[in-house]
Amino acid sequence: MAGSNEVNQNESKTLTLIKDLKEQIFNLILLVPPNFGSFWLENFWRVVPLNTWVLIYNFKLAYNLLRRPDGTFNRDLAEFLDRKVPANLNSVDGVFSFDHINKASGLLNRIYKFSSEKEAQSGTLDFENPLSSTEIVPVIIFFHGGSFTHSSANSAIYDTFCRRLVNICKAVVVSVNYRRSPEHRFPCAYDDGWAALKWVESRIWLQSGKNSRVHVYLAGDSSGGNIAHNVAVRASEEGVPVLGNILLHPMFGGEERTESEKKLDGKYFVTIQDRDWYWRAFLPENENRDHPACNPFGPRGKTLEKLKFPKSLVVVAGLDLMQDWQLAYVEGVQKAGKEVNLLFLKQATIGFYFLPNNDHFYCLMEQIKDFVRPNC
């Protein structure tokens, strides 16, 4: 009987989710303007490949379903809609993956590693020896995007992206399943990022090179880029070595409305109203967007001048309405006297790197490879 009750409860929950989804989709259809098709033809097709547009627009529709005006979030429906994939211990295209869960915190990291000839033949993983005793192998700690609220380390879209990083950069990637807002506000995501860095640093089997150390880079897109910056700041303060940061259209902001926000509001997938909702969901209660988590070089921001802050690669999409804040971030790092490389892609939108169907994708991957393996 207990098993039957559990099945009935699960079926009831699924039916409720489907009903909720249908109602939300109907409401969204009512909001789509009648001239939307012509708007896409006039504004998108020249710069956004159709399959990329479909992918990102589907995300946008789902995101609109999940946010509530009162600041709450439909997490059950979000998990129902998010296509997740399992780790694979059998090598696929030369890459295998596995999940590690911290027993104390419950934090999940998904590790992606290229398979050595020995591991591929035996089907077992080597957790006793360093990656290499001679060659330096970068370890990229990756924080997924989703405006602090959506997606996860095992979301299919990020699983694919991390595998591409491994193959192209010949690196190990550790994707962090940090806690998300609004259930877990600032600084939970930063704390989880810090815990992941400390865990990676302590793994003998992630060491490489003649100096037998872990060669760590931090990376992330959108909110993940924001997390990477803040983890790098803490690492600099506490003397934990990080070799570089890779920020893909990082999520920063402030109280001021910039020219790019006004000009691109609602034009390419994102609206100012969307962004404001996510900041309210992530920042401490009653805080504004000049909080240092949002505006790192604003009136309450931290100076980097006295820190041994790592080099940075900042990627800005020219059709992202938040680009002015990203460019202000680059300027802030430069003013602190730190090394920063800017890759500005004038005709790119957010998420251009999810599919290898555009020149921007290949340009980005080449830049990341050169950044983490400068002598190769």
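Just so you know, these numbers come straight off a predicted model, no measurement behind them.

Examining the overall build of the chain
And then number 1: Looking only at helices and strands, the chain has 12 helices and 8 strands in total.
And then number 2: Taking all 376 residues of the chain together, 52% fall into the buried category.
And then number 3: Summed over all atoms, the accessible surface of the chain reaches about 18000 Å², with 53% contributed by carbon and sulfur.

Quick word on empty space enclosed by the protein
Gaps left between atoms show up when a probe the size of a water molecule is rolled over them.
And then number 1: Summed over the entire model, instances satisfying the criterion amount to 4 cavities of 30 Å³ or more.
And then number 2: For the largest cavity, the calculated volume is near 360 Å³.
And then number 3: Ile56, Phe59, Tyr63, Arg275 and Ile350 are the residues nearest the centre of the largest cavity, which is lined by 24 residues in total.
And then number 4: Contributing elements (two or more residues each) for the lining of the largest cavity: α3 (50–66), α6 (156–169) and α10 (272–282).
And then number 5: A total of 5 residues in the lining of the largest cavity trace back to one element, the largest contributor, which is α3.
And then number 6: When its residues are assigned to classes, the lining of the largest cavity shows 11 nonpolar, 8 polar and 5 charged.

A few points about the sheet that holds strand β5 (residues 215–221)
What holds strands together in a sheet is hydrogen bonding between their backbones, with the strands either parallel or antiparallel.
And then number 1: Pairing within the open sheet is mixed, and its 8 strands lie in the order β1-β2-β4-β3-β5-β6-β7-β8. This sheet does not close on itself; its edge strands, each paired only once, are β1 (95–101) and β8 (340–345). Geometrically, the sheet is characterised by an average inter-axis angle of 20 degrees between neighbouring strands, direction not taken into account.
And then number 2: Two strands pair when backbone bridges link them, and strand β2 (residues 108–114) and strand β4 (residues 172–177) are joined in this way by 5 bridges, in the antiparallel orientation. Looking at β4, one finds that Asn109 is bridged to Val176.

Here we look at helix α8 (residues 223–238)
And then number 1: Here α8 contains 16 residues, and its C-alpha end-to-end distance of 23 Å stays within 8% of the 22 Å for a straight helix at 1.5 Å per residue.
And then number 2: The buried count for α8 comes to 13 of 16 residues, which makes it a mostly enclosed element.
And then number 3: Phi turns positive one or two residues past the end of α8, at Gly239, with a value near 75 degrees.

Let's talk about the environment of Ser151
And then number 1: Structurally, Ser151 is set in the loop between β3 (138–143) and α6.
And then number 2: Judged by its relative accessible area of 10%, Ser151 is buried.
And then number 3: Ser151 has contacts with Tyr63, Asp82, His144, Gly145, Tyr158 and Arg180, leaving out every residue within four places of it along the chain.

Topic: the pattern of salt bridges
And then number 1: Evaluation of the coordinates by the stated rule reveals 24 salt bridges.
And then number 2: Of the charged contacts in the structure, one is a salt bridge between Arg179 and Asp192, with a shortest N-O distance of 2.9 Å. Placement of Arg179 in the loop between β4 and α7 (188–201) and of Asp192 in helix α7 is noted, with a sequence separation of 13 residues between them.
And then number 3: For Asp192, a relative accessible area of 8% translates into the label buried.
And then number 4: Across the pair Lys198 and Glu201 runs a salt bridge, and its minimum N-O distance is 3.8 Å. In this pair, Lys198 and Glu201 both sit in helix α7, 3 residues apart, roughly one turn of the helix.
And then number 5: For Glu201, a relative accessible area of 31% corresponds to the partly exposed category.
And then number 6: What emerges from the salt-bridge pattern is a single network uniting Glu255, Arg257, Glu261, Asp276 and Arg289.

Comments concerning the side chain of Asn226
And then number 1: By the secondary structure assignment, Asn226 is in helix α8.
And then number 2: Owing to a relative accessible area of 0%, Asn226 belongs among the buried residues under this scheme.
And then number 3: Looking at Asn226, its side chain comes within polar contact range of the side chain of Tyr190, at 2.5 Å.
And then number 4: The contact partners of Asn226, leaving out residues within four places of it in the chain, are Phe148, Tyr190, Pro250, Met251, Phe252, Trp279 and Ala293.

Calculation notes
Residues numbered from 1 in each chain as written. Predicted model: local features only at pLDDT ≥ 70, side-chain atom pairs only at ≥ 80, totals over all residues. Heavy atoms only, no water. Helix = DSSP H or I, 4+ residues; strand = E, 2+ residues; numbered from the N terminus. Buried < 20%, exposed > 50% of the residue type's maximum accessible area, 1.4 Å probe, protein only. Areas by Shrake-Rupley, 256 points an atom, 1.4 Å probe, with all protein chains shown as cover. 1 Å grid on protein atoms, 1.4 Å probe; cavity = no way out; pocket = protein on both sides within 12 Å on 5 of 7 lines; lining within 4 Å. Points joined across faces, edges and corners; volume = space filled by probe spheres on them. Nonpolar A, V, L, I, M, F, W, Y, C, P; charged D, E, K, R; others polar. Pairing = 2+ DSSP bridges. Axes fitted to C-alpha atoms, helices over the stretch in contact; angles between N-to-C directions. Expected span 1.5 Å × (residues − 1). Contact = heavy atoms within 4.5 Å. Salt bridge = Lys/Arg side-chain N within 4 Å of Asp/Glu carboxyl O. Polar contact = N/O pair within 3.5 Å; in protein donor to acceptor, adjacent residues only side chain to side chain.

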